[in-house]
Amino acid sequence: IAQAAAADLSTPAERPKAMGMIGAAFGLGFLIGPAIGGLLASAKIGSTPIAAPAFAAAALSSVALVLALVIFKESRPETGAAEHGPGRIQSLRETFSRPGLRMFIASAFLVPLAFAGVESTMAIWTEHTFGWGARDNGYLFSFLGLIAVITQGALVGRLSRRASEKTLVAVA
């Protein structure tokens, strides 16, 4: 939703920077979230150290959902639900009939899916290899979040002035 709103509200020239800022916001979440989770891991609830971080994440996600439902407004109200266009199935068919969009949608699904697999696997691997627990992995993921903030917040905007969106996506 954030990416769609940023795309709607930015000009084509501003779009890479807007997407970079969204990436930086995700990186900030990835910087702060694991650090908080690592700290909460020491507050055992039940028999596992990951219960407190899991409950905290669920609570924060619930708050975010409620805020999005209450505060977020349609970014393009002139083309919103009031305009009766093709039905949902027809819209999906039209969208997936365009090869460029089909590839974009696939990558928008597969990249986060693969990254979630990396997060899970890395936590298991670091526990097995180094004996790291939830706190240590929280700090590792916070460091990765810092790298994402720097990359998305500072680097993408600068690179977008030198290369096209298409080139940046291909390189990424």
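Rules behind the numbers
Residues numbered from 1 in each chain as written. Predicted model: local features only at pLDDT ≥ 70, side-chain atom pairs only at ≥ 80, totals over all residues. Heavy atoms only, no water. Helix = DSSP H or I, 4+ residues; strand = E, 2+ residues; numbered from the N terminus. Contact = heavy atoms within 4.5 Å. Areas by Shrake-Rupley, 256 points an atom, 1.4 Å probe, with all protein chains shown as cover. Expected span 1.5 Å × (residues − 1). Buried < 20%, exposed > 50% of the residue type's maximum accessible area, 1.4 Å probe, protein only. Phe/Tyr/Trp six-rings, centres within 6.5 Å; stacked < 30°, edge-to-face > 60°. Patch = residues over 30% accessible without salt bridge, like charges linked within 9 Å, V, L, I, M, F, W, Y side chains within 5 Å. Salt bridge = Lys/Arg side-chain N within 4 Å of Asp/Glu carboxyl O. pLDDT = per-residue confidence, 0-100.

S.K.: Kindly report on the overall build of the protein chain, identifying the contributing residues and their values.
M.R.: Each helix and strand counted, the protein chain has 7 helices and 0 strands in total. Each helix (α) and strand (β) of the protein chain, taken in turn from the N terminus, gives the series α-α-α-α-α-α-α. Here the analysis covers contacts within the protein chain between residues at least 6 apart in sequence; of these, 56% occur between residues at least 24 apart. In the form shown here, the protein chain has an accessible surface area of approximately 12,500 Å², with 70% of it arising from carbon and sulfur atoms.

S.K.: Lay out helix α3 (residues 51-71) in plain terms, naming residues and giving numbers.
M.R.: Here α3 spans 30 Å end to end across 21 residues, near enough to the 30 Å set by a 1.5 Å rise per residue. When α3 is considered as a whole, its buried residues turn out to be Ala51, Ala52 and Pro53. Tucked into the core, α3 has its buried residues touching α2 (15-40).

S.K.: How would you sum up the environment of Leu31? Please name residues and give values.
M.R.: Here Leu31 is to be found in helix α2. For Leu31 and Ile105, which are 74 residues apart along the polypeptide, the C-alpha to C-alpha distance reads 26 Å. Among residues more than four places away in sequence, those in contact with Leu31 are Ser142, Gly145 and Leu146.

S.K.: Describe the packing of aromatic side chains, listing the residues and the values that go with them.
M.R.: Applying the stated criterion across every chain yields a total of 4 aromatic pairs. Taken together, a centroid distance of 5.3 Å and an interplanar angle of 85° make the contact between Trp125 and Phe130 edge-to-face. Joined through ring pairs, the aromatic side chains of Phe30, Phe115 and Phe141 make up one cluster.

S.K.: How would you explain a nonpolar patch on the surface if you had to name every residue and give the values?
M.R.: A surface patch of nonpolar side chains, about 700 Å² in accessible area, is lined by Val63, Leu65, Val66, Leu67, Leu69, Val70 and Ile71. Here Ile71 shows up in helix α3.

S.K.: Before we move on, can you summarise the confidence of the model for the protein chain with the specific residues and values?
M.R.: Averaged over every residue, the pLDDT of the protein chain is 82; the share at 70 or more is 94%. Ranking the helices and strands of the protein chain by mean pLDDT puts α3 first, with 90, and helix α7 (residues 165-171) last, with 80.

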